[in-house]
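What the coordinates show
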Amino acid sequence: MVYSLPEEVLEHVFSFITSDKDRNVVSVVCKSWYEIERWCRRKVFIGNCYAVSPAIMIRRFPEVRSVELKGKPHFADFNLVPEGWGGYACSWIDEMSRSYPWLEEIRLKRMVITDESLELISTSFKNFRVLVLSSCEGFSTDGLSAIAANCRNLRELDLQESEVMDLSGHWLSHFPDTFTSLESLNMSCLGSEVSFSALERLVAMSPNLKTLRLNRAVPLGKLSTLLQQAPQLVELGTGAYSSGIRSDVYSALSKAFLGCKELKGLSGFWDVDPSYLPAFFSVCSRLTTLNLSYATIRSPDITKVINLCPNLQRLLVLDHIEDSGLNALALSCKNLQELRVFPSDMYVADANVTLTEQGLVSVTQGCPKLQSVLYFCHQMSNSALITIAKNRPNLTCFRLCIIEPRTPDYLTHEPLDIGFGAIVKHCKNLSRLSLSGLLTDRVFEYIGTHAKKLDMLSIAFAGDSDLGLHHVLSGCESLKKLEIRDCPFGDTALLANVAKLATMRSLWMSSCAVSIGACKILSRKMPMLNVEVIDENGTLNPKLDNCLVEKLYVYRTVAGPRSDMPGYIWTMDRDSANKI
Amino acid sequence: MFVWGQSWEKSMMNCETHKADMWVPPPLSNVSFAPNSYPLFSHNKVSIFFCKMDVTLGLLADSPAGHGDAGGGVPSGGSTTARPILTGSKEDNNKNSMVMSSEVTSSYPVVVDQNLNDLELGLGLSIGCGLKSKGWSQYARILTAKDFPTCKQNSSSSSSSVSIPNSGTKRTATDSVSPPNCTSVVGWPPVSKAHRMPSLANEIKSPNGNLISITEQNKSKIRTIGIKDCSKKKYQSVKVNMDGSLIGRKVDLNVHTSYEMLAQTLEQMFFRRRSSTEAAKYSRLLDGTSQFVLTYEDKDGDCMLVGDVPWQMFLSSVKRLRIMKNSQSNELAPRFQENNERHRTDAV
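Residues numbered from 1 in each chain as written. Chains lettered and ligands numbered in written order. Predicted model: local features only at pLDDT ≥ 70, side-chain atom pairs only at ≥ 80, totals over all residues. Heavy atoms only, no water.

1. What to know about the overall build of chain B
- Looking only at helices and strands, one finds 7 helices and 5 strands in chain B.
- Counting the 348 residues in chain B, one finds 45% classified as buried.
- Looking at chain B alone, contacts between residues at least 24 apart form 57% of all its contacts between residues at least 6 apart. (Helix = DSSP H or I, 4+ residues; strand = E, 2+ residues; numbered from the N terminus. Buried < 20%, exposed > 50% of the residue type's maximum accessible area, 1.4 Å probe, protein only. Contact = heavy atoms within 4.5 Å.)

This is the structure in structure tokens:
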């Protein structure tokens, strides 16, 4: 009988359950399972750092080893969230340093962390192993020095896309001579040079190093030295990939790559000199990930590379790949799962770059395992979208950005409603969708009707009326994150769907038609939501109910209103100084 | 009590009604409501918001007899006019919450207005605006997409965001309200910092070696923050080196609108004027009369003379500037040599 199983046995059984969702389900079976589960939960993921407080997390899960937190809204990546908004890691680090002495892993995304916090991390957790700071800011290389100096068992240091104040390249030298545990280092976001001798020394004394992502300042000439020291690398991010005409550099590099039998992923490739590309051709047949999104090489060169990579699963590339390169991709890479095509020139279509919707259609046709697409282009048609949907019903992530807002179908000049409608209708497991182009309320009707597994939706410059938003909020059962900008959605749809907002992680609406009056009503009706009105320009008059709000961020929380809001955020009068 | 409704109407006064596409939404099923309670929302169902007549606002042509109180009973007949207003419920007097209430009995029929010009069934949320010119012939109707406000908003949002265009007519790419120009919209296209103009972004992030003091580095960080706020143009600061001068400068091209302006800035940077009142009518750097020549390195790495192409084209291809001594530029157009001969001894 289940209830006669001793706790230790149940704990042991639960230790095999690692997924958060499963753990949450386990914890609500009965009170005793709740208790057992909470004592043995080792990993916590908090998608919105303001949804819960450190104290609540620590009280419920006293023995956590790994914490992952996300701070700012996604649109912060596109400069829509003003400076000083929040997402401070400080209070989390402080409390965890007191309560989680055995903490091993901290992963932060879009948060602000200071050097003091980094130092605290480095001294508080004796067994600290993994630090991932993704798109974070607020710290400098001094903080990194502290991590390097004090974290004796550090395995992973990943600064992916963070903004680091580069005070000196010498932080790498702070790793002590006895430090041998490094497995993964990503410093690609750092601007200035690091001391190469320190880097070389570090690589030499890290036999378990599997991932190394260098920054742009590491010259190509030095790369071969590093590769020779670390032939066991699985993921490599190069620095600048050019070196003048140096045949010695080329041959050393080529030889070094030959020695890397485990290499599966390549990235970096700033300032590519195409004549150096063949140096890594020897590893292409094993490559599963290739990130050429900084490489401004032209389509023929890209195609040459792609044709050598039959096992490619993930490709990130600039639109220089053009339709011809994408056709080659469709023919060569039958295992492709994820494709991201970034714009090389963000504002004007480069006349020399012929990347159209055809490229994407070819890839969806030729790559049966394709699941995730991020595609920037200048034109799209309903027929292409319908073809894509029918080709690839297994898509789980479809993010299309037609660069000029409100661009219609270039063939028929119609809105792209039926195209996106086909996507949501055929791709039944679609969990992430970003829309663009000319869209009316109709597309939202399709989304509300069909996109039942949609978890995250991004909308910009679309829709005609509140009905559009209403369709989404009432129809998308699994919706957790909704971000909207520049759409004519307003009070009515919002207030008609207040209950829905409590089932979601967050809602972002900027440059829409929401009034402060509606925000007040929403706040009053839903005390479990934080309704934050961002008024950067200072033009909001909270007494005028029909005054429109610039930006609105609504999220559910059990922690009440936050205490670190900047002056430009207005919330409902609870007891904060800023009141509506 | 009616504050919300009032303000809504005021803002709706100026809006154009939306001419909906002809679409037929999925059929209504199991619409449920309860008097005096907020119709809780469930998926695939749309609550119908019933209208109440409002006498006190004086906005209606007729007022049915016997319903003079502020709360307003809903008339039972089909001949009264009613203004759809969202009001506070009786239970919630103090909170003024947004509760849809209908003060009627449970035998509350849903009536389709036979007199409407289009007999389209639509599900919708109650807004009064589309019907401001019509009288209501019954107290409830299923609203169509027509009733949804799609007004041009008096947006108080930041100047860099785009106002929502009218949608009175079929939306085309050539809207009367000009569609947002990519270069003037914050955060569009949605490319994160890491992938934004890859070469330039990395250049800006890296300070020039360790010689720069902390304040300079902080300044460059502040400048990168400036990029975030400055949405109007691409941030474009290029290095300027002058022959014979060890220390280079940086100039922000986007604050200049012409070659003349740029040349004047450079002259002020590199050639201090004896008196500030001495204003040059034209820059000597550009016309070849000085012993220096302004050149630039373009995208392809070639050294080009500044001034040949239109300013905008120059902006898109320039990578760095160089002020060269005229003797080095002898390979350039012959007219410079001519000028050299004439003004060789001139100091700038």
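From this point, the narrative continues.
2. Focus on the sheet that holds strand β1 (residues 237-242) of chain B
Residues and elements named next belong to chain B.
- Judged by pairing direction, the sheet is mixed, and its 5 strands sit side by side in the order β2-β1-β5-β3-β4 without closing on themselves. Here the strands that pair on one side only, and so sit at the sheet edges, are β2 (249-252) and β4 (303-305). Here the strands of the sheet are splayed against their neighbours by 35° on average, with no regard to which way each runs.
- One ladder, built from 4 bridges, connects β1 with strand β5 (residues 318-325); its direction is parallel. Residue pairing in the sheet places K239 in a bridge with R320 of β5.
- The strands touched by helix α4 (residues 259-270) within the sheet are β1, β2, β3 (292-298) and β5, with β2 carrying the most contacts at an inclination of about 155°. (Pairing = 2+ DSSP bridges. Axes fitted to C-alpha atoms, helices over the stretch in contact; angles between N-to-C directions.)

3. Re the nonpolar core
- Judged by nonpolar contacts, the single largest core of 183 residues is most densely connected at Y241, F398, I447 and L482 of chain A.
- Among residues more than four places away in sequence, those in contact with I447 of chain A are V424, L433, L435, L454, L457 and C476 of chain A. (Core = buried A, V, L, I, M, F, W, Y, C linked by side-chain atoms within 4.5 Å.)

4. With respect to α4 of chain B
Residues and elements named next belong to chain B.
- If you check α4, its first and last C-alpha atoms are 16 Å apart, about what 12 residues at 1.5 Å a residue would give, namely 16 Å.
- Every buried residue of α4 is listed here: Y259, L262, A263, L266, E267, M269 and F270. Relative to the axis of α4, the buried residues are bounded by an arc of 160° and lie together on one face. (Expected span 1.5 Å × (residues − 1). Arc of directions from axis to C-beta.)

5. Re the packing of helix α13 (residues 357-366) of chain A against helix α14 (residues 382-391) of chain A
Residue and element names in this part refer to chain A.
- With their axes 9 Å apart at the nearest point, α13 and α14 run at an angle of 15° to one another. Classified by the angle between their axes, α13 and α14 sit roughly parallel to one another. For α13 against α14, the interelement crossing comes out left-handed. Only A384, T387, I388 and N391 of α14 make contact with α13, whose side of the interface consists of E357, L360, V361, T364 and Q365. (Parallel < 35°, antiparallel > 145°, perpendicular 65-115°, else oblique. Left-handed = near helix turned anticlockwise from the far one by under 90°.)

6. Points about the environment of R432 of chain A
- Looking at the element boundaries, R432 of chain A is found in strand β17 (residues 432-434).
- Along the sequence, R432 of chain A and L457 of chain A sit 25 residues apart, while their C-alpha atoms lie 6.0 Å from each other.

7. Concerning the confidence of the model for chain B
Residues and elements named next belong to chain B.
- The predicted model of chain B has a mean per-residue pLDDT of 51, with 24% of residues at 70 or higher.
- No element of chain B has a lower mean pLDDT than helix α3 (residues 214-229), at 35, and none a higher one than β4, at 87.
- Low confidence marks residues 1-144, where pLDDT is under 50. Its contacts with residues over four positions away, or in another chain, come to 255 contacts.
- In the model output, the complex is listed with pTM 0.68 alongside ipTM 0.87. (pLDDT = per-residue confidence, 0-100.)

8. Let's talk about the pairing of β5 of chain B
- With 7 bridges joining them, β3 of chain B and β5 of chain B adopt antiparallel strand pairing. Looking at β5 of chain B, one finds that F292 of chain B is bridged to K325 of chain B.

9. Regarding a nonpolar patch on the surface
- Judged by side-chain polarity, L5, V9 and V13 of chain A come together as a nonpolar surface patch covering roughly 210 Å² of accessible area.
- By the secondary structure assignment, L5 of chain A is in the segment before α1 (7-14). (Patch = residues over 30% accessible without salt bridge, like charges linked within 9 Å, V, L, I, M, F, W, Y side chains within 5 Å. Areas by Shrake-Rupley, 256 points an atom, 1.4 Å probe, with all protein chains shown as cover. Salt bridge = Lys/Arg side-chain N within 4 Å of Asp/Glu carboxyl O.)

10. Here's the deal with the pairing of strand β4 (residues 130-134) of chain A
Residues and elements named next belong to chain A.
- β4 sits mainly inside the fold: 5 of its 5 residues count as buried.
- Of the two faces of β4, the one lined by V130, V132 and S134 and the one lined by L131 and L133 are each fully buried.
- Here 5 bridges tie strand β3 (residues 105-109) to β4, and the two strands are oriented parallel to one another. Paired with L108 across the bridge in β4 is L133.
- On the question of chirality, the crossover connecting β3 to the parallel β4 by way of helix α6 (residues 115-124) is right-handed.
- Pairing of β4 with strand β6 (residues 156-158), which is carried by 3 bridges, proceeds in the parallel orientation. Note that in β6 the partner of L131 across the bridge is L157. (Right-handed = clockwise from strand over helix to strand, strands pointing away.)

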